[in-house]
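# Report on the structure
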Amino acid sequence: MNDQERARLQEQYPAWHIRRPPTMTCLVATRVGRPLTQREIYHGLCATLVEDSYESLCEALAHQREIEEML
């Protein structure tokens, strides 16, 4: 994930802090704001996503958004 891709994802998903840890090859997205409720966790929302590729992270963030819209 380059800086442009990260900035685009950050713009699409402002409720997430998206980064690539310096010593790791994975990508990490962490929710910002409030903690999740037990109900939200039960329905599949995650506080942190860790993925191996930009495409996988995009898919995971889109899936989280779908769950949020259903609740």
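Residues numbered from 1 in each chain as written. Predicted model: local features only at pLDDT ≥ 70, side-chain atom pairs only at ≥ 80, totals over all residues. Heavy atoms only, no water.

## Observations regarding the overall build of the chain
Within the chain, the regular secondary structure consists of three helices and three strands. When its helices and strands are written in sequence order, the chain yields α-β-β-α-β-α. In summary, the chain has a C-alpha radius of gyration of 12 Å against a globular reference of 11 Å for 71 residues, a match within 12%. When its C-alpha atoms are laid out on the principal axes, the chain stretches across 35 × 20 × 20 Å. The buried share among the 71 residues of the chain stands at 30%. Intrachain contacts of the chain at a sequence separation of at least 6 include 39% that bridge at least 24 residues. Here the chain has roughly 4,900 Å² of accessible surface; of this, 53% comes from carbon and sulfur atoms. Positive and negative side-chain charges in the chain, numbering 8 and 11 respectively, have mean positions lying 6 Å apart. (Helix = DSSP H or I, 4+ residues; strand = E, 2+ residues; numbered from the N terminus. Rg over C-alpha atoms; globule rule 2.2 N^0.38 Å. Buried < 20%, exposed > 50% of the residue type's maximum accessible area, 1.4 Å probe, protein only. Contact = heavy atoms within 4.5 Å. Areas by Shrake-Rupley, 256 points an atom, 1.4 Å probe, with all protein chains shown as cover. Lys, Arg positive; Asp, Glu negative; His and termini not counted. Charge placed at Lys NZ, Arg CZ, Asp CG, Glu CD.)

## Details of the nonpolar core
Among the nonpolar cores identified, the biggest contains twelve residues, and these are Leu9, Tyr13, Trp16, Ile18, Leu27, Ala29, Leu49, Tyr54, Leu57, Cys58, Ala60 and Leu61. When residues of this core are traced back to their parent elements, those giving at least two are strand E1 (16-19), strand E2 (27-31) and helix H3 (54-70). Of the residues forming this core, the biggest block, five residues, is contributed by H3. What Cys58 contacts, discounting residues up to four positions off in sequence, is Leu9 and Tyr13. (Core = buried A, V, L, I, M, F, W, Y, C linked by side-chain atoms within 4.5 Å.)

## A few points about the packing of helix H1 (residues 3-12) against H3
For any two helices packed against each other, one specifies the crossing angle of their axes together with the interaxial distance. Contact geometry for H1 and H3: axes closest at 12 Å, N-to-C directions at 0°. With respect to H3, the element H1 is oriented roughly parallel. Facing H1, whose interface residues are Glu5, Arg8, Leu9 and Gln12, H3 presents Tyr54, Leu57, Cys58, Leu61 and Arg65. (Axes fitted to C-alpha atoms, helices over the stretch in contact; angles between N-to-C directions. Parallel < 35°, antiparallel > 145°, perpendicular 65-115°, else oblique.)

## Describing the pattern of salt bridges
Under the definition given, this model contains two salt bridges. Between Glu68 and Arg31 there is a salt bridge, and its shortest N-O distance comes to 2.5 Å. Highlighted residues: Glu68 in helix H3 and Arg31 in strand E2, separated in sequence by 37 residues. For Arg31, a relative accessible area of 16% gives the class buried. The shortest N-O distance in the salt bridge between Arg34 and Glu40 comes to 2.6 Å. Taking the relative accessible area as the measure of exposure, Glu40 reaches 12% and is therefore buried. (Salt bridge = Lys/Arg side-chain N within 4 Å of Asp/Glu carboxyl O.)

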